[in-house]
Amino acid sequence: MKTAFSSFIYSRRGIYGILHILILLMSLFLVISISIDTFHNIPFLNQGSYLKIQFWICMFFLFDFLLEFFLSKEKGRYFTSHFIFLLVSIPYLNIIDFYHITSRPKSVISCALSFAEGGYALAIVVGWLSGSKASGLFTSYITMLMATVYFASLIFFVLEHKVNPMVTDYWSALWWAFMDVTTVGSNIYAVTPTGKILSVVLAALGMMMFPIFTVYVTSLVQQANKRKEEYYQSQQSEPADTK
């Protein structure tokens, strides 16, 4: 018997929604597990269970990409617009582990790729929140800014806490990230090349995001004042109409 729920499940839109929810949950699980290990100074990259989980999550990402690609009417447009998601879906960590690459860039690449997969979930969340024009822009900016600061602080802590005496715990890295994105600066400075690059990226992000946020808030205030003026004008015109 065909029901509304089954129609939703088997429709293309329903399939996309279910797949995106599963991707969101898997990505969030990956980010949370990495965060917990990072807080407890556990090297997650050396854990076989993490690599297995990461591999199957990537396989599911690839399955979702291929399914939506074959169901898409405009395959060329879909491929170009989702190309970055395809790059994120490739299990680079398993490839690196298979070829036994143990150099210093491995940790840098591994951390970046792990949090890039978390960014997949962020893109889905921002896409959902942007559906409402009233609050979508504000929520999207806040979500992107906070997530970028959080991911940058985790990467900074993983790379710096063993070589930088000023990074004693994760909260020091989080303090560094927040102060850097506000362009105020911190008493903690990076000593690794990747940490220095993150310092520049966060400062540039802060200079781009905060003026946009200011413009958006100014626009909201102008719209509120405009609605207030229209209300007062309508109130003043009512007595004249009654006469």
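Every chain's residues receive numbers from 1 upward, in the order its sequence appears when written. Local features in this predicted model are restricted to residues of pLDDT 70 or higher, and side-chain atom pairs are both shown and tallied only at a pLDDT of 80 or more, whereas totals for entire chains, interfaces and linings draw on every residue. The basis for the side-chain values is all heavy atoms of the structure; hydrogens and waters are excluded.

### What about the overall build of the protein chain?
Going by this rule: Helix and strand definitions here come from DSSP, where helices need a minimum of 4 consecutive H or I residues and strands a minimum of 2 consecutive E residues; each element is numbered from the N-terminal end. Think of it in three bands: with a 1.4 Å probe and only protein chains considered, a residue is buried below 20% of the maximum accessible area for its type, exposed above 50%, and partly exposed in between. Residue contacts are counted whenever heavy atoms from the two residues lie within 4.5 Å of one another. In these tables, accessible area is a Shrake-Rupley quantity obtained with a 1.4 Å probe, and a residue counts as shielded only by the protein chains included in the view.
Looking only at helices and strands, the protein chain has ten helices and zero strands in total. Secondary structure of the protein chain in N-to-C order comes out as α-α-α-α-α-α-α-α-α-α. Taking all 243 residues of the protein chain together, the buried fraction comes to 35%. Counting contacts in the protein chain only where the partners sit at least 6 residues apart, residues at least 24 apart contribute 65% of the total. Only carbon and sulfur atoms are counted for the fraction: they give 70% of the accessible area of the protein chain, which is about 15000 Å².

### A short note on a nonpolar patch on the surface
To keep it simple, the criterion reads: By definition, no residue in a patch forms a salt bridge, and every one has over 30% relative accessible area; like charges are joined within 9 Å, nonpolar side chains (Val, Leu, Ile, Met, Phe, Trp, Tyr) within 5 Å. The salt bridge definition used is simple: a Lys or Arg side-chain nitrogen within 4 Å of an Asp or Glu carboxyl oxygen.
Together, Ile 18, Ile 21, Leu 22 and Leu 25 line one region of the surface with nonpolar side chains, adding up to about 310 Å² of accessible area. According to the relative accessible area criterion, Ile 21 is partly exposed, its value standing at 43%.

### Description of unusual backbone geometry
Even without glycine at this site, Thr 183 takes up a positive phi of about 65°. Mapped onto the fold, Thr 183 is located in the loop between helix 9 (170-181) and helix 10 (193-242).

### Some remarks on the pattern of salt bridges
All told, the structure shown has one salt bridge when counted by the stated rule. Two residues, Arg 77 and Glu 74, come together in a salt bridge whose shortest N-O distance is 3.5 Å. The partly exposed category is assigned to Glu 74, whose relative accessible area is 47%.

### Section: the nonpolar core
Most often, soluble globular proteins have nonpolar side chains that are buried together. Put simply, the test is: Put simply, a nonpolar core is a bunch of buried Ala, Val, Leu, Ile, Met, Phe, Trp, Tyr and Cys residues held in one set by side-chain atoms that sit within 4.5 Å of each other.
In terms of nonpolar packing, the biggest core is built from 22 residues, with Phe 156, Val 167, Trp 176, Val 181, Leu 198 and Leu 202 touching the most fellow members. Of all the secondary structure elements, the ones that give two or more residues to this core are helix 8 (136-160), helix 9 and helix 10. In terms of residue count, helix 8 provides more of this core than any other element does, nine residues in total. With sequence-adjacent residues up to four places away left out, Val 181 is seen in contact with Leu 145, Val 149, Leu 202, Leu 205, Gly 206 and Phe 210. Counting ten residues, the second-largest nonpolar core is a separate cluster that includes Leu 19, Phe 60, Phe 61 and Leu 93.

### What about the confidence of the model for the protein chain?
Caution applies to low-pLDDT parts of the model: their predicted coordinates are not meant to be read in detail. Where we set the bar: Confidence of the predictor in every single residue is expressed as pLDDT, which spans 0 to 100.
Per-residue confidence for the protein chain gives a mean pLDDT of 75, with 72% of residues at or over 70. The least confident element of the protein chain, judged by mean pLDDT, is helix 1 (residues 4-10) at 43; the most confident is helix 9 at 90. For residues 1-12, every residue scores under 50 in pLDDT, and the model assigns this stretch ten contacts once sequence neighbours within four places are set aside.

### Some thoughts on helix 9
Quick reminder of the rule: Expected helix span is taken as 1.5 Å per residue step, with the number of steps being one fewer than the number of residues.
With twelve residues, helix 9 ought to run about 16 Å at 1.5 Å a step, and its terminal C-alpha atoms sit 17 Å apart, in line with that. Of all the residues in helix 9, the buried ones are Tyr 170, Ser 172, Ala 173, Leu 174, Trp 176, Ala 177, Met 179, Asp 180 and Val 181. Positive phi appears at Thr 183, one or two residues downstream of helix 9, with a value of about 65°.

### A short note on the packing of aromatic side chains
Pairs of aromatic rings are described using the distance from one ring centre to the other and the angle between the two planes. For the record, the criterion: For this analysis, a ring pair means two rings from Phe, Tyr or Trp (six-membered ring only for Trp) whose centres lie within 6.5 Å, classed as stacked if their planes differ by under 30 degrees, edge-to-face if by over 60, and tilted for the remaining angles.
Throughout the structure, instances matching the rule amount to 14 aromatic pairs. Ring geometry for Phe 156 against Trp 176: centres 3.7 Å apart, planes inclined by 10°, an arrangement best described as stacked. Note that Phe 156 is positioned in helix 8 and Trp 176 in helix 9, a separation of 20 residues in sequence. Residue Phe 156 is classed as buried on the basis of its relative accessible area of 0%. Centre to centre, the rings of Tyr 170 and Trp 171 are 5.4 Å apart; their planes meet at 65°, and the pair counts as edge-to-face. What links up through ring pairs into an aromatic cluster is the set Phe 65, Phe 69, Phe 70, Tyr 78, Phe 79 and Phe 83.

### Comments concerning the environment of Val 184
Tracing the chain through its elements places Val 184 in the loop between helix 9 and helix 10. A residue is classified by how much of its surface remains accessible, and Val 184, at 60% relative accessible area, is exposed. A sequence separation of 19 residues divides Val 184 from Ala 203, and the C-alpha atoms of the two residues are 8.9 Å apart.

### Digging into the environment of Leu 87
Relative to the elements of secondary structure, Leu 87 occurs in helix 5 (residues 83-89). According to the relative accessible area criterion, Leu 87 is partly exposed, its value standing at 36%. With 25 residues separating them along the chain, Leu 87 and Leu 62 place their C-alpha atoms 9.5 Å apart.

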